[in-house]
Amino acid sequence: MHHNERVNFGSKIGTILVAAGSAVGLGNIWRFPYEAGNHGGAAFILIYLACVFILGLPIVIAEFVIGRRAKASTGEAFNILSGGKPWKWVGYLGVLTGFMILGYYSVVAGWTLEYIYQALSGTFFGKSSSEFIQMFQEFSTHPLRPLLWLFLFVLATHFVIVKGVQKGIERSSKMMMPVLFILVVVLAVCSIMLPNSEKGISFLLKLDFSKVNSEVFLGAMGQAFFSMSIGMGCLSTYASYFSRTTRLSHTAISVGLIDTFVAVLAGLIIFPAAFSVGVNPDAGPSLIFITLPNVFQQAFSDLPILAYTCSVLFYGLLALAALTSTISLHEVSTAFLHDKFSLPRKQAACFITGGSFLIGVVSSLALGDWSDYTIAGMNFFDALDYFTAKIMLPLCGILVALFVGWYLKPEDVKDEVTNYGTLRERFFPVFFLIIRYIAPVGIFLIFMNELGLL
Ligand code: PHE
């Protein structure tokens, strides 16, 4: 393995966009609004923000430290830094978690392609709410159609990955991320201008703590980890391609701010629009696939061309956001096979593409024909989402914090955070305090609380 010859991202902005590309995804636009909707809106968002800025950002920096120090993808980084001690299993656990997420995430990513296709062919026109529900149910439980889109999406991810780190991952993020920012802003403005949109805005802003319970805390923490791509080594894998001059703290803060900005704007697209036409915000995972096309049709009933354009743009936005995230998920496993077993990148990518497609097929069928097979009372798709987002990501998060806070030498951590002594980074003692004590204890307490042991 040639650690010293590892490729780097070519520019500072490229580095930020790639990391933000991993963070911004279906988590922000599909998962965040329904989690917020189910857990009471503004209070959830406040707890979410605390999780992002107090627990999330330090763990992002910790992951950057691990990846850049080891100059290897997550699966190998723990192994290298710990000299083969059992810590290496944290890296493997991360790779496994990412691989599982990639499987079911690609299913939802595939749905976005079907909805782009439907939006482009104008089939949303004149449909009633119940017809939209029926349309989504028929499609998502269909045994074949979602698989076709899943296949296309996995293939698109594959092509970017085999093109390599700079020409594939960095170049695609630099093209897609600016388009995505423009789309979210345009759609949020359209949504806020709808009649009665203030009800949706107040749902996002009005604090109501009566709905806050342990589940809300776990939900907010899981969402923060999922949305920032924390806990399964995406960020440390990307950090192994950072240059020596990349400022870890600035990159982490940029990722946190961009990710939060997109999540809040996604809320501003979805809630005002949903309230404007009297749709319930707690519809769950189907929120953006059922309510949104309906909302656009009803809101712009006099201006069908606007309804058409918004629908196409919205699902286009979703597909772009999903693609930059599936790329990062794929890269973790591909780089692992490449680093660990010295497999050529192309071959490693083929294995991961094939494997994730298979998990995707099972997850997709679990929503239809195979919905009777359950794990802990959930179908395979929901079980994957629950175990990865709410259990494995926070668990890996604790382990990352313990590894950087207690196992690595504090001087080495400081060396990495200060770019080998060239930066002052006065926040270091606070960061270290959080990584050593607050993050592990905080995550642990939220877990215990959820398990009813506290
Ligand atoms: N952060 C991505 C999103 O919000 C999902 C993701 C999770 C990507 C974990 C990579 C790792 O959609």
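Quantities reported herein were computed from a predicted structural model and do not represent experimental measurements. (Residues numbered from 1 in each chain as written. Predicted model: local features only at pLDDT ≥ 70, side-chain atom pairs only at ≥ 80, totals over all residues. Heavy atoms only, no water.)

A.B. asks: Account for the overall build of the chain, naming residues and giving values.
C.D. replies: A count of helices and strands for the chain gives 18 helices and 2 strands. By the burial criterion, 60% of the 454 residues in the chain qualify as buried. Restricting the contact set of the chain to residue pairs at least 6 apart, pairs at least 24 apart contribute 82%. Of the roughly 17500 Å² of accessible surface on the chain, 67% is carried by carbon and sulfur atoms. If the 28 positive side-chain charges of the chain are averaged to one point and the 26 negative ones to another, these points end up 12 Å apart. (Helix = DSSP H or I, 4+ residues; strand = E, 2+ residues; numbered from the N terminus. Buried < 20%, exposed > 50% of the residue type's maximum accessible area, 1.4 Å probe, protein only. Contact = heavy atoms within 4.5 Å. Areas by Shrake-Rupley, 256 points an atom, 1.4 Å probe, with all protein chains shown as cover. Lys, Arg positive; Asp, Glu negative; His and termini not counted. Charge placed at Lys NZ, Arg CZ, Asp CG, Glu CD.)

A.B. asks: For the packing of aromatic side chains, give the residues involved together with the corresponding values.
C.D. replies: Taken as a whole, this structure holds 40 aromatic pairs when the rule is applied. Taking 5.7 Å as the distance between ring centres and 65° as the angle between the ring planes, the aromatic pair formed by F124 and F132 counts as edge-to-face. Like F124, the residue F132 is buried in the burial classification. Centre to centre, the rings of F125 and Y308 are 6.2 Å apart; their planes meet at 0°, and the pair counts as stacked. Taken as a pair, F125 in the loop between α5 (88-120) and α6 (129-140) and Y308 in helix α14 (residues 304-341) lie far apart in primary sequence, 183 residues in all. Of the residues examined, Y308 reaches a relative accessible area of 26% and is grouped as partly exposed. Among the aromatic residues, those joined into a cluster by ring pairs are Y104, W111, Y115, F124, F132, F136, F139, F289, F296, F314, Y315 and F381. The ring of Y420 has R244 sitting right over it, with the charged end atom 4.1 Å from the ring centre. Of note, R436 hangs over the ring of W406, and the distance from its end group to the ring centre comes to 4.1 Å. (Phe/Tyr/Trp six-rings, centres within 6.5 Å; stacked < 30°, edge-to-face > 60°. Lys NZ or Arg CZ within 6 Å of the ring centre and 35° of its normal.)

A.B. asks: I'd like a description of the site of the ligand, backed by residues and values.
C.D. replies: Among the 15 residues in the neighbourhood of the ligand, the closest are listed as A23, G27, Y105, F226 and S229. In this structure, L26 approaches the ligand through a main-chain N or O atom, which is 3.1 Å from an oxygen atom. Side-chain polar atom of S229 to a nitrogen atom of the ligand: 3.0 Å apart, as the coordinates give it. Isolated, the ligand exposes 320 Å² of accessible area, and the fraction of that covered by the protein chains is 100%. Given that more than half its atoms are within 2 Å of the pocket grid, the ligand belongs to the largest cavity. Those elements giving two or more residues to the shell around the ligand turn out to be α1 (12-23), α2 (26-38), α10 (214-227) and α14. (Near = heavy atom within 4 Å. Polar contact = N/O pair within 3.5 Å; in protein donor to acceptor, adjacent residues only side chain to side chain. 1 Å grid on protein atoms, 1.4 Å probe; cavity = no way out; pocket = protein on both sides within 12 Å on 5 of 7 lines; lining within 4 Å. Sits in = over half its atoms within 2 Å of the grid points.)

A.B. asks: So what's going on with α10? Which residues, and what values?
C.D. replies: In this model α10 runs 20 Å from its N-terminal to its C-terminal C-alpha over 14 residues, within 8% of the 20 Å that 1.5 Å per residue would give. Every buried residue belonging to α10 is among V216, L218, G219, A220, M221, G222, Q223, A224, F225, F226 and S227, and all of these are buried. S229 occupies a position one or two residues after α10 and carries a positive phi of about 60°. (Expected span 1.5 Å × (residues − 1).)

A.B. asks: Quick one: what's the story with unusual backbone geometry, residue by residue and with numbers?
C.D. replies: Even without glycine at this site, S342 takes up a positive phi of about 50°. Mapped onto the elements, S342 comes out in the loop between α14 and α15 (345-366). For Y420, which is not glycine, the phi dihedral falls at a positive 60°. The residue Y420 is located in the loop between α17 (410-417) and α18 (428-451) in this model. When its relative accessible area of 23% is taken as the criterion, Y420 is described as partly exposed.

A.B. asks: Can you lay out the side chain of T251 for me, pointing to particular residues and giving the numbers?
C.D. replies: Mapped onto the fold, T251 is located in helix α12 (residues 248-276). At a separation of 2.7 Å, a polar atom in the side chain of T251 contacts the main-chain carbonyl oxygen of R247. When residues no more than four places from it in sequence are discounted, the contact partners of T251 are T15, I16, F64, F242 and T246.

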